[in-house]
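Summary of structural features
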Amino acid sequence: MSFLDFHRGRRLRTSASMRELVRENEVRPQDLMMPYFVVETDDKDFRKPIGSMPGQHQLSMKQLKKRVGEAVAMGMKSCILFGIPAEKDPEGSQAYADEGIVQESIRMLKDAYPDLIVAADTCLCEFTSHGHCGLLSPSGEVLNDPTLDLLAQTALSQVRAGADIVAPSDMMDGRVAAIRDTLDEAGFVNTPIMSYAVKYASAFYGPFREAAENSPTSGDRKSYQMDPANRREALREAEADIAEGADILMVKPGLPYLDVIRSLRENFDAPVAAYQVSGEYSMIKAAAQNGWMDGDAVMMESLISFKRAGAELILTYFTEDALRLLNG
Ligand code: PBG
């Protein structure tokens, strides 16, 4: 064999322009969806840094409007809202209150930025006093079927407020069908459901629990979120959600589960979303702050990896940072 037979990969890497010419994937502003945490408070200027997520804040509605406005000016196309209510109760009633903090924030954002896609996380855990994603039995078991109606009411109130997408993240069985039925009956046949179809019981959600104040007061989420050891089970979860009417399939967390994203991409035609969760964000930020890695470079490398794995949409706390970088 002569040297001429060698694969000459380096020919296509000789300059930035050459590399660009043959580049397979790209991160575009419209691929990124930014999560925000909005707090129900009388303090209109409330803006509290989330210690474990450098650069992220809990925001009042007024501060949210301002921050979203800045991001929209940089090219942000979509965001997803998480709400922190003033009062929590065992039924999570503020999750489906028409004047709840998420519902009010959706109205405000759609009014201010009509072209922005505003998604709503549909779950009870930020609104329940016990911090679980569903109703609890007296013995502390998370009840599946009695929770479905509350989730459907939550989604309906969010869509009535103007949400463009609802994103159920609770992992109760049958919730996509329950939500679809309720939305259709109310005439919202055109509102898509982005299902957290494949959501693992992950320690990478650690910082989010500070951000959204949704830690379970007892137990954990392992009876409803998935076992990190399982990949085939992800296909069963995705299949069930598609059958129930999910429009977009989400995998969460992101980087530790790139194989699952790829599996979904290869097995389903629906759009696949990746959620780069709080812990993934915090690890990169912390290392960058210590000068241990180039934060911007690692951020972009992590984002392109989701595209390479087959996701078309990335939910990431890096959205604003990435837009800043992409805008040069
Ligand atoms: C709760 C929800 C969680 C996240 C999104 N929706 C936390 C959890 O399941 O405990 C995590 C997001 C993140 O860590 O960034 N329904």
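Structure: see above.
Not measured: the values here are computed from a predicted model. (Residues numbered from 1 in each chain as written. Predicted model: local features only at pLDDT ≥ 70, side-chain atom pairs only at ≥ 80, totals over all residues. Heavy atoms only, no water.)

Overview of the overall build of the chain
Helix and strand counts for the chain come out as 11 helices and 12 strands. Compactness check: the chain gives a C-alpha radius of gyration of 20 Å against a globular reference of 20 Å for 328 residues, within 12% of the reference. The principal-axis extents of the C-alpha atoms in the chain amount to approximately 75 × 45 × 40 Å. Expressed as a percentage of its 328 residues, the buried residues of the chain come to 53%. In the chain, once contacts between residues fewer than 6 apart in sequence are set aside, the share between residues at least 24 apart is 74%. Between the centroid of the 35 positive side chains of the chain and the centroid of its 49 negative side chains there is a distance of 9 Å. (Helix = DSSP H or I, 4+ residues; strand = E, 2+ residues; numbered from the N terminus. Rg over C-alpha atoms; globule rule 2.2 N^0.38 Å. Buried < 20%, exposed > 50% of the residue type's maximum accessible area, 1.4 Å probe, protein only. Contact = heavy atoms within 4.5 Å. Lys, Arg positive; Asp, Glu negative; His and termini not counted. Charge placed at Lys NZ, Arg CZ, Asp CG, Glu CD.)

Here we look at the packing of aromatic side chains
Applying the stated criterion across every chain yields a total of 9 aromatic pairs. Seen in terms of ring centroids, tyrosine 196 and tyrosine 275 are 6.1 Å apart; in terms of plane orientation they differ by 40°. Their pairing is tilted. Pair noted here: tyrosine 196 is in strand E9 (residues 194-199) and tyrosine 275 is in strand E11 (residues 272-276), with a separation of 79 residues, a long-range link. Residue classification places tyrosine 196 among the buried positions, given a relative accessible area of 0%. The ring of tyrosine 205 has lysine 252 sitting right over it, with the charged end atom 4.5 Å from the ring centre. Seen from the ring of phenylalanine 208, lysine 252 lies directly overhead, with NZ or CZ sitting 6.0 Å from the centre. (Phe/Tyr/Trp six-rings, centres within 6.5 Å; stacked < 30°, edge-to-face > 60°. Lys NZ or Arg CZ within 6 Å of the ring centre and 35° of its normal.)

What about empty space enclosed by the protein?
Following the criterion strictly, the structure yields 1 cavity of 30 Å³ or more and no others. Contributing elements (two or more residues each) for the lining of the largest cavity: E9 and helix H6 (206-212). Class assignment of the residues belonging to the lining of the largest cavity gives a composition of 9 nonpolar, 4 polar and 6 charged. (1 Å grid on protein atoms, 1.4 Å probe; cavity = no way out; pocket = protein on both sides within 12 Å on 5 of 7 lines; lining within 4 Å. Points joined across faces, edges and corners; volume = space filled by probe spheres on them. Nonpolar A, V, L, I, M, F, W, Y, C, P; charged D, E, K, R; others polar.)

What to know about helix H7 (residues 232-244)
The end-to-end C-alpha distance of H7, which contains 13 residues, comes to 19 Å, matching closely the 18 Å that a straight helix rising 1.5 Å per residue would cover. Ala234, Leu235, Glu237, Ala238 and Asp241 are the residues of H7 that are buried. Each buried residue of H7 lies within a common arc of 160° when the element is viewed along its axis, so the set occupies one face. Pointing more than 90 degrees away from the buried face of H7 are the exposed residues Arg232, Arg236, Glu239 and Ala243. Check the buried side of H7 and you find it contacts helix H5 (175-185), E9, strand E10 (248-252) and helix H8 (258-267). With its phi angle positive at about 115°, glycine 245 sits one or two positions after the end of H7. (Expected span 1.5 Å × (residues − 1). Arc of directions from axis to C-beta.)

Some details on the nonpolar core
Soluble globular proteins tend to pack their nonpolar side chains together in the buried interior. With 102 residues, the main nonpolar core has Tyr36, Met194 and Leu264 as its most contacted residues. The greatest single-element share of this core, amounting to 7 residues, is contributed by strand E1 (residues 32-39). In contact with leucine 264, not counting residues within four places along its chain, are Val198, Ala234, Leu235, Ala238, Leu249, Val251 and Val272. (Core = buried A, V, L, I, M, F, W, Y, C linked by side-chain atoms within 4.5 Å.)

A few points about the site of the ligand
As a matter of local geometry, the ligand sits amid 17 residues, with Ser169, Arg209, Lys252, Ser278 and Tyr317 nearest to it. At 2.5 Å, a side-chain N or O of arginine 209 approaches an oxygen atom of the ligand. A distance of 2.9 Å separates an oxygen atom of the ligand from a polar atom in the side chain of arginine 221. If the ligand stood free it would expose 400 Å²; the protein chains cover 100% of that surface. In this structure the site holding the ligand corresponds to the largest cavity. Residues belonging to the shell around the ligand are distributed by class as follows: 8 nonpolar, 4 polar and 5 charged. (Near = heavy atom within 4 Å. Polar contact = N/O pair within 3.5 Å; in protein donor to acceptor, adjacent residues only side chain to side chain. Areas by Shrake-Rupley, 256 points an atom, 1.4 Å probe, with all protein chains shown as cover. Sits in = over half its atoms within 2 Å of the grid points.)

Here's the deal with the packing of helix H2 (residues 61-73) against helix H3 (residues 101-112)
The N-to-C vectors of H2 and H3 enclose an angle of 40°; their axes lie 10 Å apart at closest approach. When the axes of H2 and H3 are compared, the pair comes out oblique. For H2 against H3, the interelement crossing comes out right-handed. Of H3, the residues touching H2 (which contributes Met61, Leu64, Lys65 and Val68) are Ile101, Glu104, Ser105, Met108, Leu109 and Ala112. Looking at side-chain class alone, the contact of H2 with H3 contains 7 nonpolar, 1 polar and 2 charged residues. (Axes fitted to C-alpha atoms, helices over the stretch in contact; angles between N-to-C directions. Parallel < 35°, antiparallel > 145°, perpendicular 65-115°, else oblique. Left-handed = near helix turned anticlockwise from the far one by under 90°.)

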